[in-house]
Amino acid sequence: MFSILSALAQRIDLLKQVRRGNTGDVIYKVLAYLFGLALLGIVVAIIWELWVQSAFARQEFGISFLWSTSFDPVQAQFGALQFIQGTLVTAVVAVSLAAPLGIGIAAFLVEIAPRRVNAVVGFLVEMLAAIPSVVYGLWGIFVLAPFLRDYVAPWLTATLGWTPMFSGSFSGYSVFTASLVLTIMILPTAAAITRNVLQAVPKEQREGMLALGATRWEMFSQAVLPYAKGGVIGAMALALGRAAGETMAVTIIIGNARRIFTSMFEQGATIASVIAGNFTDADSGAYVSSLFLLGLILFAMTFTINVLARLLIKATSSGPTG
Amino acid sequence: MRRMTLWRALLAGLVMALVLAGCGGDVAEEGGTPDEADDGGSENGGDGEAAGSITGAGATFPAPLYNEMFSTFAEEEQGIQVNYQSVGSGSGIEQYINNTVEFGGTDAPMTDEELEEVDVETLHVATVGGPVVPTYNLEGVDELNLTHEVVADIFLGNITEWSDEAIAETNPDADLPDEQIQVVHRSDGSGTTFIWVEWLSAVSEEWADSVGSGTDVSWPTGSGGDGNEGVAAQVQQTPGAIGYNELSYAEENDIPHAFLAPDADSEFVQGSLESAETAIEAAEVPEDLRVSVSALNVTDDGAYPVTGLTWLLIRQEMDDLAACRATAEAAWYATHDGQEFAPPNYVPIGGQTLETSEEFIQSMEAEGEACYEG
């Protein structure tokens, strides 16, 4: 109600300005409004399209689509659980590996590195983000997968092979490899934003801590990091969203097995990878509609991640501490 | 300061030069296009009056062959231009049903439901075949013999180790590793998958019951690669892998592929142009030709069973006589003179498959007249 009133008030304001002869201001304002609304319109259009196109699958499979694991084009039976599992596992593993690395890089650049190094390394980190994802995928197949197979996997099998997580044989194409490629892909996002956030921490915050006789580590861990907490969480949420939606590199490396996996060494599939891999030649209405429904689920998942991150920031940043 | 400005001036000059060069190129191209279009237009117009051009769309697998075949056809048969758009079997069938093309192309025959959507009878004219071979990655094993049952069990996940007795029995001389078998399949829907699983369904009841057949199935085990190249890459990258590829793809990339036989005592046959041709000639195909030869599991001497066909989809009764005649000419050419372009990547058709295709073309009609004039 309030928003309608304020919109009305603004319109009256606009009319006043036209009468005063500020046509330039009016055009600028109208354009800015249109562009702002266009963004909203695009989001609504995407949701609408996903909703409409997935109608058949929603009626056919109902809510049980979410926890069904069958994906049989011959019988026209489809489910989403294995893809939700694949998306969540790869994204969460990637973020939990990228977060400490990203914060470490940012801390080094802001707190320790000379300004010149900060600029150069910062530029390199941002350049990592510009590499096309298909290149990461090919690098994953030809460099990372053989390396993991020859050096890392045997060691993991020997030490952690008794846990279900690392059981079975490692063929190179696996959830494990995909998670590591994702880690490297989201590292620039995590590091670059964290660096900006740390740079924005006021000098007084550091100086005060040092004046109290704190070491550099105490200063960073007790004065800088808590102050920047909200921004760092935001950076990780962004990285998580990127990992969940990443398509090309994952499709190349994860093995595209449309089953639930129990070991990180097994093959799996993510929502994005199954849509990318099967959309063009899905041959039945139920198949296409199910892929749209998977897209809707992915949309809902990334939306939830962002909302949760916002709530987390709100909850933790009730004021700068330390 | 002075040096700084000089650098800026240089940079600005460079940018300007690039912009100008870019614009210049655009202008020249724009100037060139209308001329070319004019020339092409008048030529096409002349041809169109003589006998017209026809359009087809569909499967990507035979597209290189069709392009080569039909360009020679256009030179020989004055005035008949055939445009084939390689858009995939699914789109080919769709465009054929919507009657937006004179003929469709597909690697998997149309289903009964799809046929019902067409108001006239649909002819499946087979043009060429192609074997699908089990490619593998086993160091030091140059020749691998597998019985049909063993292949099905591997793809069902019943046999998981290369050291399994069932494999050792038919390979007494091979040094089989003590490794897990890594099954690789296509992750996208494809005609290659269709040929492969039609055959698996024919040789294994368990496969037919639990998995079935189609261009995309619910694989019981293994990992998926996108496209022929995706499967080939995974097989080559993974020691202990077994997958399936079109023969030409396996040969071009030097990937070894296994010999197959119905049982341990029979002759083991490797996929090749000759063994696939033998299979097509010996195949007892049904009247409507809607069967991948692999589903018949031809086990005659020297025949390689996992062989598929690719078809032209043609309406038995067309609206326009000129277009119908052109289509019939083109289809006849594709199944006869055009066959010389088939090797080394495609298998020429013969036997009953060819005879049935000929009958189909002769049965075509439009405006009450037969379209094929011999």
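Residues numbered from 1 in each chain as written. Chains lettered and ligands numbered in written order. Predicted model: local features only at pLDDT ≥ 70, side-chain atom pairs only at ≥ 80, totals over all residues. Heavy atoms only, no water.

Q: Teacher, can you tell me more about the pairing of strand β8 (residues 241–246) of chain B here?
A: Both faces of the sheet carry side chains from a regular strand, because those side chains alternate between them. Residues and elements named next belong to chain B. In terms of burial, β8 is largely enclosed, as 6 of its 6 residues are buried. By the bridge criterion, 2 bridges tie strand β6 (residues 182–186) to β8 in an arrangement that is parallel. The residue bridging V183 from the neighbouring strand is I242, located in β8. (Buried < 20%, exposed > 50% of the residue type's maximum accessible area, 1.4 Å probe, protein only. Helix = DSSP H or I, 4+ residues; strand = E, 2+ residues; numbered from the N terminus. Pairing = 2+ DSSP bridges.)

Q: So what exactly am I meant to see when it comes to the interface of chain A and chain B here?
A: Where interface size is quoted, it is often the accessible area lost as the parts come together. Contact with chain A, which involves 22 residues of that partner, is made by 24 residues of chain B. Between chain A and chain B, the buried area comes to about 1800 Å², and carbon and sulfur atoms account for 40% of it. Looking only at chain A, the three residues that lose the most surface to chain B are V74, Y173 and R259 of chain A, adding up to 26% of its buried area. Across the contact surface, chain A and chain B share 1 salt bridge. The interface formed by chain A and chain B includes 10 residue pairs in polar contact (both at pLDDT 80 or more). When contributions to the side of chain A that touches chain B are tallied by element, the ones reaching two or more residues are β1 (71–72), α6 (133–160) and α11 (271–278) of chain A. In terms of residue count, the dominant contributor to the side of chain A that touches chain B is α6 of chain A (4 residues). In the side of chain A that touches chain B, the residues fall into 9 nonpolar, 7 polar and 6 charged. (Contact = heavy atoms within 4.5 Å. Buried area = accessible area lost by both parts, 1.4 Å probe. Salt bridge = Lys/Arg side-chain N within 4 Å of Asp/Glu carboxyl O. Polar contact = N/O pair within 3.5 Å; in protein donor to acceptor, adjacent residues only side chain to side chain. Nonpolar A, V, L, I, M, F, W, Y, C, P; charged D, E, K, R; others polar.)

Q: How should the packing of helix α5 (residues 148–156) of chain B against helix α7 (residues 191–203) of chain B be read in this particular structure?
A: Two quantities define a packed helix pair, namely the angle between the helix axes and the distance between the axes. All names here are of chain B. α7 packs onto α5 with a crossing angle of 115 degrees between their chain directions and a minimal axis gap of 10 Å. By the criterion of interaxial angle, the relationship of α5 to α7 is roughly perpendicular. α5 and α7 meet at a crossing whose hand is left-handed. Seen from α5, the contacting residues are H148, V151, A152 and F155; seen from α7, they are W196, W199, L200 and V203. (Axes fitted to C-alpha atoms, helices over the stretch in contact; angles between N-to-C directions. Parallel < 35°, antiparallel > 145°, perpendicular 65-115°, else oblique. Left-handed = near helix turned anticlockwise from the far one by under 90°.)

Q: Hey, could you run me through the domain arrangement of chain A in this one?
A: All names here are of chain A. Looking at the assigned domains, one finds that chain A contains domain 1 (2–53) and domain 2 (66–316). Placing the centre of domain 1 and that of domain 2 at their C-alpha centroids yields a distance of 36 Å. Residue-level contacts link 6 residues of domain 1 with 5 residues of domain 2. The largest contributions to the domain 1 side of the interface with domain 2 come from I47, L50 and Q53, which together make up 77% of the buried area. The interface formed by domain 1 and domain 2 contains 0 salt bridges. The interface formed by domain 1 and domain 2 holds 1 residue pair in polar contact (both at pLDDT 80 or more) in total. Classifying every residue of the side of domain 1 that touches domain 2 by side-chain character gives 5 nonpolar, 1 polar and no charged. (Domains from an automatic or database assignment.)

Q: Just to check I follow, could you spell out the pattern of salt bridges for this structure?
A: When the charged atoms of two side chains with opposite charge come close together, those side chains can pair. This model, assessed by the stated rule, comprises 9 salt bridges over all chains. The salt bridge involving D150 of chain A is made with R149 of chain A; its shortest N-O contact spans 3.8 Å. Residue E369 of chain B is joined to R325 of chain B by a salt bridge in which the shortest nitrogen-to-oxygen separation is 3.2 Å. Taken together, the residues E369 of chain B in strand β15 (residues 369–370) and R325 of chain B in helix α12 (residues 321–335) connect sequence positions 44 residues apart. Given the relative accessible area of 38%, E369 of chain B is considered partly exposed. Counted as one network, the salt bridges with shared partners bring together D112, D288 and R290 of chain B.

Q: Where do I start with the sheet that holds β15 of chain B in this structure?
A: Residue and element names in this part refer to chain B. Spatial strand order, β12-β14-β15: 3 strands in an open sheet with mixed pairing. Each of the sheet's edge strands pairs with one partner strand only, and the pair in question is β12 (317–318) and β15. Of the pairings in the sheet, the one linking β12 to strand β14 (residues 365–366) comprises 2 bridges and is parallel in character. Paired with E317 across the strands is E365, a residue of β14.

Q: Before we go on, may I ask you to explain unusual backbone geometry in this structure?
A: Glycine aside, negative phi is the norm for most residues, and most peptide bonds take the trans geometry. All names here are of chain B. The amide bond that connects P343 to the next residue, P344, takes the cis arrangement and shows omega of 5 degrees. Along the chain, P344 turns up in the loop between α12 and β13 (347–348). For N99, which is not glycine, the phi torsion reads 60 degrees and is therefore positive. Mapping N99 onto the fold places it in the loop between α3 (89–97) and β3 (103–106).

Q: What is the right way to look at the domain arrangement of chain B in this model?
A: All names here are of chain B. For chain B, the assigned domains read domain 1 (53–130 + 309–370) and domain 2 (131–270 + 299–304). Here the C-alpha centre of domain 2 lies 31 Å away from the C-alpha centre of domain 1. Taken residue by residue, the interface counts 7 residues in domain 1 and 9 residues in domain 2. Regarding the contact of domain 1 and domain 2, the summed buried area is about 620 Å², with carbon and sulfur atoms giving 66% of it. The interface formed by domain 1 and domain 2 contains 0 salt bridges. Here domain 1 is connected to domain 2 by 0 residue pairs in polar contact (both at pLDDT 80 or more). Looking at the side of domain 1 that touches domain 2 residue by residue, the classes come out as 4 nonpolar, 2 polar and 1 charged.

Q: Explanation requested: the side chain of S289 of chain A in the structure shown.
A: As for its position among the elements, S289 of chain A is in helix α12 (residues 285–316). Those residues in contact with S289 of chain A, other than ones at most four positions away along the chain, are Q53, S54, A55, F56 and A57 of chain A.

Q: Sorry, what's going on with the packing of helix α7 (residues 175–199) of chain A against helix α9 (residues 216–245) of chain A here?
A: All names here are of chain A. Look at α7 against α9: their axes get within 8 Å of each other, and the N-to-C directions meet at 140 degrees. Between α7 and α9 lies a crossing whose hand is right-handed. Packed against α7, whose contacting residues are L182, M185, I186, T189, A190, I193, T194, V197 and L198, the element α9 presents F220, V224, L225, A228, G231, V232, A235, M236, L238, A239, R242 and A243 at the interface.

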